[in-house]
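Residue-level listing of the chains:
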Amino acid sequence: MRKKIIGLYPGSFDPVTNGHLDISFRASKLCDILYVAVVTNPKKQSFFSLEDRIEFLKRNFQGKSHIRVSSFNGLLVNYAKKIKASIIFRGLRAVSDFEYEFQMALINRTLFQKIETVFLVPSEKYVFLSSSAVKEVAQLGGNIKNFVPPKIVQYIKKKTKNTVSVTKPLHF
Ligand code: ADP
């Protein structure tokens, strides 16, 4: 029997956007099991709690048993080894993503030779989208329905109401 290909799509998902979902579904077609894993980094403050970020993802993968939502802390390659992943998926939006992603892919491969990083390009509808932009628009009272899955729109609106921006102002 063929060995199962396990993929890992790590990210902050603070919160998950339509861009992240687009990449997840593309990635899930390229492996047998896909872990969409929320990074818990004590140095990087997140707006939404880990529980919220996991819940937002889970709501969107209901009924998709080959997509598993998880979380990890510490080195990504250690988590990849633990779940026996052979591919790390990352999304590439624009040239601005490239330098950081390229460095990370090479560092991860240096740390763990057996891991490959695969970059996926989202639908052109989502190339402009980021979690920071969603938070900024929501905090300013803008409509986020085209940016995040319908299942979490209300929750994000409620959560961002009466909060101040945690990100660099984007001037929407
Ligand atoms: P991180 O803090 O690890 O960059 P993010 O949640 O911001 O976490 O992003 C996770 C991954 O998803 C990254 O590879 C990022 O480039 C990608 N990504 C984020 N938004 C989009 C989008 N709109 N389209 C495609 N890829 C995206």
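Before reading further, recall that the structure is shown in the block above.
First, a word on scope: everything that follows refers to the structure included in this document.

## Quick word on the nonpolar core
Grouped together as the largest cluster of nonpolar side chains are 32 residues, with contacts concentrated most on Val 36, Leu 57, Phe 89, Ile 144, Val 148 and Ile 156. Of all the secondary structure elements, the ones that give two or more residues to this core are helix H1 (18-28), strand E2 (33-39), helix H2 (50-60), strand E3 (67-72), strand E4 (87-91), helix H5 (131-139) and helix H6 (150-160). Non-local contacts of Ile 144, meaning those with residues more than four positions away in its chain, are made with Val 134, Val 137, Ala 138, Val 153 and Ile 156. Counting 15 residues, the second largest nonpolar core, distinct from the first, contains Ile 33, Ala 37, Ile 83 and Ala 85.

## Let's talk about the side chain of Ser 70
Inspection of the secondary structure assignment puts Ser 70 in strand E3. When its relative accessible area of 13% is taken as the criterion, Ser 70 is described as buried. If near-sequence neighbours (up to four positions away) are discounted, Ser 70 is found in contact with Tyr 35, Val 36, Ala 37, Val 38 and Tyr 79.

## Focus: the packing of aromatic side chains
Evaluation of the coordinates by the stated rule reveals 8 aromatic pairs. The structure contains a cluster of three or more aromatic residues connected by ring pairs, namely Phe 47, Phe 48, Phe 56 and Tyr 155.

## Points about the site of the ligand
Near the ligand, the surroundings consist of 17 residues, among which Tyr 9, Ser 12, Lys 44, Gly 91 and Leu 129 are the closest. Between the ligand and Tyr 9, the relevant distance is 2.7 Å, taken from an oxygen atom to a side-chain nitrogen or oxygen of the residue. In isolation the ligand offers 550 Å² of accessible surface; the protein chains occlude 90% of this area. For the shell around the ligand, the elements supplying multiple residues, two or more each, are strand E1 (6-11), H1, E4 and helix H4 (95-111).

The rules behind the values
Residues numbered from 1 in each chain as written. Predicted model: local features only at pLDDT ≥ 70, side-chain atom pairs only at ≥ 80, totals over all residues. Heavy atoms only, no water. Core = buried A, V, L, I, M, F, W, Y, C linked by side-chain atoms within 4.5 Å. Buried < 20%, exposed > 50% of the residue type's maximum accessible area, 1.4 Å probe, protein only. Helix = DSSP H or I, 4+ residues; strand = E, 2+ residues; numbered from the N terminus. Contact = heavy atoms within 4.5 Å. Phe/Tyr/Trp six-rings, centres within 6.5 Å; stacked < 30°, edge-to-face > 60°. Near = heavy atom within 4 Å. Polar contact = N/O pair within 3.5 Å; in protein donor to acceptor, adjacent residues only side chain to side chain. Areas by Shrake-Rupley, 256 points an atom, 1.4 Å probe, with all protein chains shown as cover.

By themselves these figures say nothing about function.
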